[in-house]
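# Chain and residue survey
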Amino acid sequence: MTTLPADRSAHSPLASLWRLRSYVRPYAGQLVTMLVAALLGVGASIVVPLVTKTVVDGPVAHGQRDRLVPLALLALALGMTEGVLIFIRRWIQTTATLGMEKRMRDDIYAHLQSLPPAFHDRWQSGQLLSRATADLSAVRRFVGFGLVFLVVNVATFATVIALLVRLDPLLGGIVALSLIPVIVVCARFERGYSVVSRRVQDQTGDLATSIEESATGIRVIKAFGRRRLMAEAFETGAREVYDTQLAKVRLRATFWALLDLVPNATLGIVLLLGALAVGQHRLTLGGLVAFITLVLQLIWPVEALGFILASGQEAATAAQRIYEVLDSRPEIVDRPDARVVDDSPGCLRFEAAGFTYPGGRRPVLQDINLTIAPGETVALVGATGSGKTTMAGLVPRLTDVTAGRITLDGVDIRDLRLTSLRRLVATAFEEPILFSASVRENVTLGTPDATDADIAAALSLAQAAFVDELPWGLDTRIGEQGLSLSGGQRQRLALARAVIGRPRVLILDDPLSALDVTTESLVEKALARVLADSTALLVVHRPSTIALADRVALLQGGTLAAIGTHSELMADVPAYRAILSQESEEVQSR
Amino acid sequence: MSAPPVESWRGVAAERRDDVSTGVSALLRRRTRTLLSSLLRPHRRSMWLLVALIVLQNLAALAGPWLIGLGIDRGIPPILHHQGAGTLWLIVAGFAVATVVQTLAQRAFLVLTGRIGQDFVLELRRRVFAHFQRLSTAFHEDYTSGRVISRQTSDMDAISELVEEGIDELVIAVLSVLTIGVAMLLLDVPLALVALSSFPLLLWLSAWFRKRSAVAYRRTREAVALVIVHFVETLAGIRAVQAFRREPRNFAIFDDLNTRYRDATRRSFRLIAIYAPGMKLIGNATIGLVLLYGGFRALDGDIRVGVLTTFLLYLRRFFDPLQDLSQFYNAFQSASAALEKLAGVLEEPPSVPEPARPHPLGSSIRGAVAFAGVTFGYRDRLVLPRLDLVIPAGQTVALVGPTGAGKTTIARLVGRFYDPDAGAVSLDGVNLRELDDETLHRAIVTVTQESFLFSGSVAGNIAFGRPGVDRSRIEEAAEAIGAHEFISALPAGYDTDVRKRGGRLSAGQRQLVSFARAFLADPAVLVLDEATSSLDVPSERLVQRALRTILADRTALIIAHRLSTVEIADRVLVLEDGRVVEDGPPAELIGGYGRYAAMHRQWMESLV
């Protein structure tokens, strides 16, 4: 019942790029304006050499002072017009393409939020982040630049070659032919370069992993004195990056050198043949000057063609990667006729519930039958890996059952609106999840309308008085970007977050494991009051917490092996005793 | 009460101490200069070669347009006068030579700068990595792993990017602006002055752009950082996000951050949208002026048409690279800010330094640990006032006491994660300060609550305790600690990849693996700081049984909240405010009426 990754072959990169048109459409008018501005700008720049030709052949050759001024002023005006047109194109580009990029990023984020945890377990967040940053930039660059100049450069190319051929058919033909090697060099370079660049990226990624582990695992490295071992691993990774970078340097150097060589060689030939042509009066002096300037103007559009094609390819791959995410269907969603429920007595029932991982052979949970009456607290006990956390995740539908069903007051939870269900059910996770935000924001995660009194009550229940001692109290930023808290403090905030909304159903996954003995017993006392009027499922590893529960369920091999009170199970079920009896054999044998 | 406004969610945080000013000023700081010169010193000779190459390349590049002008002025007239094309051929041959020289010099220059740049980056990477590894855990705790990582990834990338994407072209561009200016002056002074008249305007526009874009660039960086943090945290905490119906508010926050990011980017893009066409406009206007004035001079016969052509060709080469400078500027800025931060890191003195001449401990380490007059405090808080403690070789000592009593501090001093402020901690009578890292940690190994695992196989993680050991020893260690069973049940057994930070395993399983790792290391002294806290009862029982054998012939220091772990100790120390208030065998203390007896009673009651 989890999301399957989108079929990669379903859409080719180009088809994916085409699918992005819906994002481009709102800016179609602006794109057309950009295109027109670019064409006019290039047009203006092509006319300048022709003006130069007229200046050389007319006023300069024939000493016409009065004609020189208007011609030079025309060149000046054309040059300045080109500048203004470039400004217009770039200015519009900042609004259009950035607006498009933002909308796509919003959509990716919203979509990712709707995908179930199973999806996020499979995908590394770095992979998803690069789709929302690097890939989007690639698309933006192509739409705002590549697409426009693909058209403009082809137009420039055609116009200039036509002009050159008109000036001198033979020379023009030679120039046109000389550009073929440039295009070939560019295309080959791009292919080679993108391969090497990707290799650098991958190797830098590997190196980053080694850096990350050396930083996060610093205690273990120091505890075992393994600095040298880590340094060796790092050295290997850094060397790999270095070698590939050098390969890249050589490739780039050859490319740039060739890119300068071909047009310069062409210029040499143009100079020779052009001068000869002038000598034979087939070409005017001004014509030769114009010819040379025009040839220089061709270089950039031709060079750029390689980059534009590469940028198109990059954007197409990026689009494909973006759609890989956007095409993943969220499987845990509201059914069409899902019900809104505001309050409920809170009778939670597992009816032959089971769960198997997609593609998994053995079920993790099977045939779970358990009724938790309104207000009752049931503790879930089992050895490590017996499926306790999986079972806890089924209630707020972070995962859906693959067999049987779970009901709340007789209604299948899949027939409730997700928002309704998750308002009624609050969860404290085994690993407390805190965000880089204020304490207030973290505690009122699901209850943004909680009052300060509500927050104070929840914090005092969770024995989180330490919040008062934080530099800015409730407004102190915590998490990775703020103040770092101890494991016990984090756990207490997560607990406060779970109890603050007075939820009908509480799922507490080993909520006290990181607390010291004294705090634990204080929290337990306070928690007992809350549990009196909530339906609760309590995952426990430690005997001390069991006192909070009315009944205990023993999870073994993916199914409930025994249900009863703690003392009943202690008396009758050896497996239960084995898991919970603190009287270790060693102590007994003394 | 209505939902809080979108902006207030972040809360208040302390200032970051590594916020440095970006920009050129950072490059001028002393420590950055010192770092730069020490990294470049080995390349001094290559630098001279570089200078020679770049001068050669520039001269050859300048010769091209000049030869074209010469061809027009000197090559064509003889042909027109039917005196043959000899001069023209000569000039074209010169052009061909210039082209080849330019190409070869440029390629050599690019390869050489590329190599120097990569050497620079590699050496910097090595130094920063090694230095972070040398710095104490206290430093790492304070600095946070996130920043240690970003110094070595995003900051290093910024430097690498500048080296890779353009510092060489930047040098060529700047130099060609200079040489073209000189060449124009040599060709014709009045026309050159007209051509260069726009230069002050260019400088002014560039200065304006630099100033504004420094601010805009910084805002963009800050804005994107917030977008990334929010994005990644949402995904990492997706369970909490969904279970607490956080999606709409998260989206509102994200949309707000995303809008700010777009606005910041737009601001900096708009600066380029003004700067680049502005440069183009000035350049084109200059070409127009040169055409006008040059036209008059050619008309008057003061200069020839070829010279005018050379000027027009030069001007194009003069302005185009200047336009590209705007693209390098951001890269240059972030690289210099990054270098400044890295220089700061490298200046940080290691607070737990290795001895210059380490004491050879010898092969038979007995494992006697002693504290003599040890005083220790964190910043303004004194934790250990003055501790004297002797732990004979082979003894298992449990430390108990309330939070903040100094248990973990003692453990960390034994593992030399910190050095005492006064007094000395010694192993077999040798001060820990006199031992080198590897000797010390072969003798003393600490297992903590966090039980960090590296990504890679289970076997690899256990072998971390003793690199190079064969598979059977690894399995023995796992078996001894009671971890063999669950490891064998993993999909690929000992070869199963535990993923980042051991994410594939449960907290309890991670602890079992880290126990096996410590067991394999076979140290004389074992320090267990809350090392069994995540284990469930059956696993803990297994570990305890194993510990009895493991600890039989070595010294051990155990800290545990659960008193069940403490019971295997020979001796219990009850700590309070950094002082030992009770000291004796557990059985003896339980029988008494002291603090340990009280704690033990409370614990027994909690077991139901």
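Residues numbered from 1 in each chain as written. Chains lettered and ligands numbered in written order. Predicted model: local features only at pLDDT ≥ 70, side-chain atom pairs only at ≥ 80, totals over all residues.

### What about the overall build of chain B?
What counts here: Numbering goes from the N terminus for both helices and strands, where a helix is a DSSP run of H or I of at least four residues and a strand is a run of E of at least two. Counting other C-beta atoms within 10 Å of each residue's C-beta, where C-beta atoms are placed from the backbone, gives the exposure class: buried for 20 or more, exposed for 12 or fewer, partly exposed between. By definition, residue pairs are in contact when their C-beta atoms, positioned from the backbone, come within 7 Å.
If you tally the helices and strands in chain B, you get 22 helices and ten strands. For chain B, the C-alpha atoms occupy an extent of roughly 125 × 70 × 50 Å along the three principal directions. For chain B, with 608 residues in total, the buried portion stands at 47%. Look at the contacts in chain B between residues 6 or more apart in sequence, and 78% of them connect residues 24 or more apart.

### Some points on the interface of chain A and chain B
Accessible area lost upon the coming together of the parts is a frequently used measure of interface size. To keep it simple, the criterion reads: Residues are sorted three ways: Asp, Glu, Lys and Arg are charged, Ala, Val, Leu, Ile, Met, Phe, Trp, Tyr, Cys and Pro are nonpolar, and all the rest, Gly among them, are polar.
With 132 residues of chain A in contact, the opposing surface of chain B contributes 141 residues. Looking at the side of chain A that touches chain B, the element that brings in the most residues is helix H9 (residues 227–279) of chain A, giving 27 residues. Its residues placed into classes, the side of chain A that touches chain B shows 69 nonpolar, 38 polar and 25 charged.

### Focus on the pairing of strand E3 (residues 377–382) of chain A
Consecutive side chains along a regular strand alternate between the two faces of the sheet. Residue and element names in this part refer to chain A. Spelled out, the test is: Strand pairing is defined by DSSP finding a minimum of two bridges between the two strands.
Counting buried residues along E3, six of its six residues qualify, which places the element largely inside the surrounding structure. With burial as the criterion, each face of E3 is covered, one bearing Thr377, Ala379 and Val381 and the other bearing Val378, Leu380 and Gly382. The pairing of E3 with strand E8 (residues 535–540) spans five bridges and is classified as parallel. Each bridged residue has a counterpart across the sheet, and for valine 381 the counterpart in E8 is valine 540. As judged from the five bridges shared by E3 and strand E9 (residues 551–556), these two strands associate in the parallel manner. By the bridge assignment, valine 378 is partnered in E9 with arginine 551.

### Side note on the domain arrangement of chain A
In plain terms, the rule: Throughout, the edges of the domains are those of an automatic or database domain assignment.
As far as domains go, chain A holds domain 1 (13–326) and domain 2 (348–589). A straight line from the C-alpha centre of domain 1 of chain A to that of domain 2 of chain A covers 55 Å.

### A look at the confidence of the model for chain A
All names here are of chain A. Put simply, the rule is: Here pLDDT means the predictor's own confidence in every residue, given as a number from 0 to 100.
The predicted model of chain A averages 86 in pLDDT, with 96% of residues at 70 or higher. For residues 1–9, every residue scores under 50 in pLDDT, and the model assigns this stretch 23 contacts once sequence neighbours within four places are set aside. The model gives residues 583–590 a pLDDT under 50, and that stretch makes ten contacts with residues more than four places away or in other chains.

### Details of the sheet that holds strand E4 (residues 403–408) of chain A
Hydrogen bonds along the backbone pair up the strands of a sheet, which may run parallel or antiparallel. The strand order E2-E1-E4-E5 (chain A) describes an open sheet built from four strands, whose pairing is antiparallel. Taken across any chain shown, the strands that pair with only one partner, and hence form the sheet edges, are strand E2 (365–372) and strand E5 (411–412) of chain A.

### Topic: the packing of helix H4 (residues 65–114) of chain A against helix H6 (residues 125–167) of chain A
Residues and elements named next belong to chain A. What counts, and what does not: Throughout, an axis means a line fitted to C-alpha atoms (over the contacting stretch in the case of helices), and angles, computed between N-to-C directions, take values from 0 to 180 degrees. Note on angle classes: values under 35 degrees are labelled roughly parallel, values over 145 roughly antiparallel, values of 65 to 115 roughly perpendicular, and the remainder oblique. When the near helix sits turned anticlockwise from the far one by under a right angle, the crossing is termed left-handed; a clockwise turn instead gives a right-handed crossing.
For the pair H4 and H6, interaxial distance at closest approach is 10 Å and the crossing angle is 155°. In this view, H4 runs roughly antiparallel relative to H6, as classed from their interaxial angle. In the crossing of H4 with H6, the sense of the turn from one axis to the other is right-handed. Two secondary-structure elements touch here, H4 through Gln93, Ala96, Thr97, Met100, Glu101, Met104, Arg105, Ile108, Tyr109 and Leu112 and H6 through Leu128, Arg131, Ala132, Leu136, Arg140, Val143 and Gly144. Its residues assigned to classes, the contact of H4 with H6 shows ten nonpolar, three polar and four charged.

### Quick look at the nonpolar core
The tendency in soluble globular proteins is for nonpolar side chains to be buried side by side. As a reminder, the rule being used: A set of buried residues drawn from Ala, Val, Leu, Ile, Met, Phe, Trp, Tyr and Cys, joined through C-beta atoms within 7 Å, is what defines a nonpolar core.
Core analysis: the largest hydrophobic core is formed by 346 residues, its most contacted members being Ala496(A), Leu538(A), Ile462(B) and Ala516(B). Sorting elements by how many residues they give to this core places helix H12 (residues 305–347) of chain B first, with 21 residues. If sequence neighbours within four positions are ignored, Ala516(B) has contacts with Ile462(B), Ala477(B), Ala478(B), Ile481(B) and Ala483(B).

### Description of the pairing of strand E2 (residues 381–391) of chain B
All names here are of chain B. Both strand E1 (residues 369–378) and E2 contribute to a ladder of seven bridges, which runs antiparallel. Bridged to phenylalanine 376 within E2 is leucine 384. Hairpin geometry of E1 and E2 is characterised by an intervening segment of two residues between the two adjacent antiparallel strands and by a positive phi of about 45° at arginine 379.

### Concerning helix H6 (residues 145–165) of chain B
The criterion, for reference: Take the residue count of a helix, subtract one, and multiply by 1.5 Å to get its expected span. Throughout, the bend at a residue refers to the angle made by two axes, fitted to the seven residues ending there and to the seven starting there.
Taking 1.5 Å of rise per residue, 21 residues should cover 30 Å, and H6(B) covers 29 Å from first to last C-alpha, within 8% of that figure. At Arg151(B), H6(B) shows its maximal bend, which comes to roughly 35°.

### A closer look at the sheet that holds strand E3 (residues 396–400) of chain B
Residues and elements named next belong to chain B. If you trace the six strands from one edge of the open sheet to the other, you get E6-E7-E8-E3-E9-E10, paired in mixed fashion. Each edge of the open sheet carries a strand with a single partner, namely strand E6 (444–448) and strand E10 (579–584). In this sheet, adjacent strand axes meet at a mean angle of 20° when their direction is disregarded. Relative to E10, strand E9 (residues 571–576) runs antiparallel, the two sharing five bridges. Bridge pairing in E10 places glutamate 576 opposite arginine 579.

### Quick notes on the confidence of the model for chain B
Residues and elements named next belong to chain B. When pLDDT is averaged across chain B, the result is 86; 95% of the residues are at 70 or more. Long-range and interchain partners of residues 15–24, a stretch whose pLDDT sits below 50, account for 17 contacts in this model, where long-range means more than four residues apart. In the predicted complex, the global pTM is 0.81; the interface-specific ipTM is 0.87.

### Re the packing of helix H4 (residues 86–134) of chain B against H6(B)
Residues and elements named next belong to chain B. Direction vectors running N to C along H4 and H6 enclose 170°, while the axes themselves pass 10 Å from each other. Our classification of the angle between H4 and H6 gives roughly antiparallel. Every residue of H6 that contacts H4 at Gly117, Phe120, Val121, Leu124, Arg125, Val128, Phe129 and Phe132 is listed here: Val148, Arg151, Gln152, Met156, Ile159, Ser160 and Val163. Residue classes in the contact of H4 with H6 are distributed as ten nonpolar, three polar and two charged.

### Description of unusual backbone geometry
With the exception of glycine, the majority of residues adopt a negative phi angle, and the majority of peptide bonds are in the trans configuration. Despite not being glycine, Arg397(A) shows a phi value in the positive range, around 60°. Phi at Asp577(B) is positive, roughly 50°, even though this residue is not glycine. Mapped onto the elements of the fold, Asp577(B) is located in the loop between E9 and E10.

### A short note on the environment of Ala553(A)
Residues and elements named next belong to chain A. Structurally, the position occupied by alanine 553 is in strand E9. Along the backbone, alanine 553 and leucine 380 are 173 residues apart, and their C-alpha atoms lie at a distance of 5.0 Å. Not counting residues up to four positions away in its chain, the partners in contact with alanine 553 are Leu370, Val378, Leu380, Leu560 and Ile563.

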